[in-house]
Amino acid sequence: MKISANPLLAAVAPPPIPEAHRWIEGRSFPADKPLIDVAQAVPGYPPPKALTDHLASVVGEAATARYTDVPGLPPLRAALAADMGKFYGARIAASDVSITAGCNQAFCLAIMALAAAGDDVILPLPYYFNHQMWLDMQGIGARHLPFRPERNGIPDPAEAARLVGPRTRAIVLVTPNNPTGAIYPAEVIAEFYRLARSHGIALIVDETYRDFMPSDGPPHDLFAEPDWRDTLVQLYSFSKVYCLTGYRVGSIIAGPALGEEIAKAMDTIAICAPRIGQLAAIYGLGHLGDWRMANTRLMRERLSAVKATLNRNDLGYRLISAGAYFAYLAHPFAGRPAMEVARRLADEENVLALPGSMFGPGQDGFIRIAFANAEASVMPALAERLAADAAKN
Ligand SMILES: Cc1ncc(COP(=O)(O)O)c(C=O)c1O
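Before going into details, it helps to say that this report is about the structure given with it. Think of each chain on its own: its residues are numbered from 1, step by step along the sequence as written. Only residues with pLDDT of 70 or above have their local features reported here, since the model is predicted, and side-chain atom pairs are shown and tallied only from 80 upward, although totals for entire chains, interfaces and linings are computed over all residues. To get the side-chain values, take all heavy atoms of the structure and skip hydrogens and water.

### So, the site of the ligand
Reasoning step 1: The full set close to the ligand counts 13 residues, and Cys 103, Asp 206, Tyr 209, Ser 237 and Ser 239 are the nearest of them.
Reasoning step 2: Residue Asn 178 places a side-chain N or O atom 2.7 Å away from an oxygen atom belonging to the ligand.
Reasoning step 3: The separation between an oxygen atom of the ligand and a polar side-chain atom of Ser 237 is 2.6 Å.
Reasoning step 4: Note on areas: these come from Shrake-Rupley sampling with a 1.4 Å probe, and a residue is covered only by the protein chains present in the view. Burial of the ligand by the protein chains amounts to 92% of its free accessible area of 400 Å².
Reasoning step 5: Here a helix means four or more residues in a row that DSSP labels H or I, a strand means two or more in a row labelled E, and each is numbered from the N terminus. The element that contributes the greatest number of residues to the shell around the ligand is helix 5 (residues 102–114), accounting for three residues.
Reasoning step 6: The residue makeup of the shell around the ligand, split by class, is four nonpolar, six polar and three charged. Each residue is tested against the molecule or strand, and it is near if at least one of its non-hydrogen atoms lies within 4 Å. For this analysis, a polar contact is any N or O atom pair within 3.5 Å, provided that within protein one partner can donate a hydrogen and the other can accept it, and provided that sequence-adjacent residues contribute only side-chain to side-chain pairs. Think of it as three bins: nonpolar holds Ala, Val, Leu, Ile, Met, Phe, Trp, Tyr, Cys and Pro, charged holds Asp, Glu, Lys and Arg, and polar takes everything else, Gly as well.

Laid out in structure tokens, this is it:
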């Protein structure tokens, strides 16, 4: 007899990014029409040499090979608390911080600490696919908050209020958003916070793209709320800001009661986040402030280029939202599946973008452009190819 897989996992679709990369596997691209890869949200530049030199200098030390404390290295927890405190103009303690193996694990641990099978979580559409996948794997329901293109992708707290049920344990926000790039206004985030607090449920805010905001100033004031530790669960990633995707380091900031539950799950799953990733994060926080700011400016330039080139009436594709890292476009082929549109863009226009359908139901009219991966100078060519594709309508 053969083993059978957990049906909750078996029902989950395979990870979408490798699938998109298979579309171009083995293909070569002509010099006059090179591949424009705007599929995956990875920085198009490497980590700074100072960081990798530092890691090379510590990798041989015996201590580098050891576990860390379950919630992370104390200097990293302290440095992140200070950095977050400065960013949000708030007081955050090192003890509020749990270090995780990336922000994906941060989400998984936060959900494990908050909800059990049979509970549910409010998830705005379009969602970051791994969030939905984790909920499915855990037998936790997702109550989808409808996508509002007419609000430039900003979810409506009033609609969320109608979705809260007796077993709802959390509301999840991703801002700046993946896949839409939308940046939720502070007042909207505050409304979600008040809604969550009034029901005694968590507001999980995934701020993976926090360092790529188009303007300075804190994106929300939630850490100034006197009782934020009773409601807010903030998730963060070191992956994009210091180009550490493979080092796996992220964080959860939450109140002490939830932190204790998170530590139990972390201890069981991984004991701790990889120490080398934590050392990289400490170095980043301590030494790479200017480098981080330079990349923030670079992303702002790219965003301006995206808006200047894609926000055109004659493009066929319509820009719904663009903010940090991503732009979300409505395609011109009414009724045609986004998968088909994205495949044709890859096959005929050498543009690798993800179909909206990878980000949840009702997203067949859209494609996602991860512009962090492409230089500003590529945007006009991207616009030309989209226009050429739309002309086939
Ligand atoms: C919204 C969001 N959360 C989490 C992650 C995962 O980040 P990490 O590499 O820190 O696990 C991503 C990566 O694309 C993301 O877009």
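Moving on from the model shown.
### Quick word on helix 13 (residues 379–390)
Reasoning step 1: What a helix should span is 1.5 Å times the count of its residues minus one. Spanning 12 residues, helix 13 covers 16 Å between terminal C-alpha atoms, matching the ideal 16 Å at 1.5 Å per step.
Reasoning step 2: All buried positions along helix 13 are accounted for by Met 379, Leu 382, Ala 383, Arg 385, Leu 386, Ala 387, Asp 389 and Ala 390.
Reasoning step 3: Packed against the buried residues of helix 13 are strand 1 (36–37), helix 11 (289–310), strand 10 (326–330), helix 12 (338–349), strand 11 (351–352) and strand 13 (366–370). Buried residues are those whose accessible area, probed at 1.4 Å on protein chains only, stays under 20% of the maximum for their type, while exposed residues exceed 50% and partly exposed ones sit between those limits. Residue contacts follow a heavy-atom distance rule, with two residues in contact if any of their heavy atoms lie within 4.5 Å.

### Details of the packing of aromatic side chains
For any two aromatic rings, the description comes down to two numbers: the centre-to-centre distance and the angle of the planes.
Reasoning step 1: In this analysis, rings of Phe, Tyr and Trp, with Trp reduced to its six-membered ring, are considered paired at centre separations within 6.5 Å, and the interplanar angle assigns stacked below 30 degrees, edge-to-face beyond 60, and tilted for intermediate values. Under the definition given, this model contains 16 aromatic pairs.
Reasoning step 2: Each ring, one from Tyr 317 and one from Phe 333, has its centre 6.4 Å from the other, and the planes form 80°; the classification is edge-to-face. In this pair, Tyr 317 sits in the loop between helix 11 and strand 9 (318–322) while Phe 333 sits in the loop between strand 10 and helix 12, placing the two residues 16 residues apart along the sequence. We note that Tyr 317, like Phe 333, is buried.
Reasoning step 3: Taken together, the ring pairs in this structure connect Phe 87, Tyr 88, Phe 223 and Trp 228 into an aromatic cluster.
Reasoning step 4: The rule for a charge over a ring is simple: NZ of Lys or CZ of Arg within 6 Å of the ring centre, and within 35 degrees of the ring normal. Sitting over the ring of Phe 87, Arg 210 keeps its end group 3.7 Å from the ring centre.
Reasoning step 5: Above the plane of the ring of Phe 333 lies Arg 344, whose end atom (NZ or CZ) is 4.7 Å from the centre.

### Some thoughts on the pattern of salt bridges
Reasoning step 1: Any carboxyl oxygen of Asp or Glu within 4 Å of a side-chain nitrogen of Lys or Arg constitutes a salt bridge here. All chains considered together, the criterion is met by 24 salt bridges.
Reasoning step 2: Residues Asp 120 and Arg 143 are paired through a salt bridge, measuring 3.2 Å at the closest nitrogen-oxygen approach. Separated by 23 residues along the polypeptide, Asp 120 in strand 3 (residues 120–124) and Arg 143 in strand 4 (residues 141–145) bring together distant segments of the chain.
Reasoning step 3: For Arg 143, a relative accessible area of 29% gives the class partly exposed.
Reasoning step 4: Between Arg 312 and Glu 384 there is a salt bridge, and its shortest N-O distance comes to 3.6 Å. Taken as a pair, Arg 312 in the loop between helix 11 and strand 9 and Glu 384 in helix 13 lie far apart in primary sequence, 72 residues in all.

### A word on the nonpolar core
Reasoning step 1: Counting 107 residues, the largest nonpolar core has Ile 171, Leu 203, Val 233, Leu 235, Phe 238 and Ile 252 as its most contacted members.
Reasoning step 2: Among the elements that make up this core, the one with the highest residue count is helix 5 (seven residues).
Reasoning step 3: Counting residues in each nonpolar core, the second largest holds 27 residues, with Leu 315, Phe 333, Val 341 and Ala 383 among its members. Nonpolar cores were defined as sets of buried Ala, Val, Leu, Ile, Met, Phe, Trp, Tyr and Cys residues, with membership established by side-chain atoms within 4.5 Å.

### Some thoughts on the sheet that holds strand 12 (residues 354–355)
Backbone-to-backbone hydrogen bonds pair the strands of a sheet. The strands run either parallel or antiparallel.
Reasoning step 1: For two strands to be treated as a pair, DSSP must find no fewer than two bridges joining them. Spatial ordering of the open sheet is given by 9-10-13-12, a layout of four strands whose pairing is antiparallel. Taken across any chain shown, the strands that pair with only one partner, and hence form the sheet edges, are strand 9 and strand 12.
Reasoning step 2: Here two bridges tie strand 12 to strand 13, and the two strands are oriented antiparallel to one another. Within strand 13, the position partnered with Pro 355 by the bridge is Ile 367.

Honestly, that's just the spatial picture; any functional story needs more than this.
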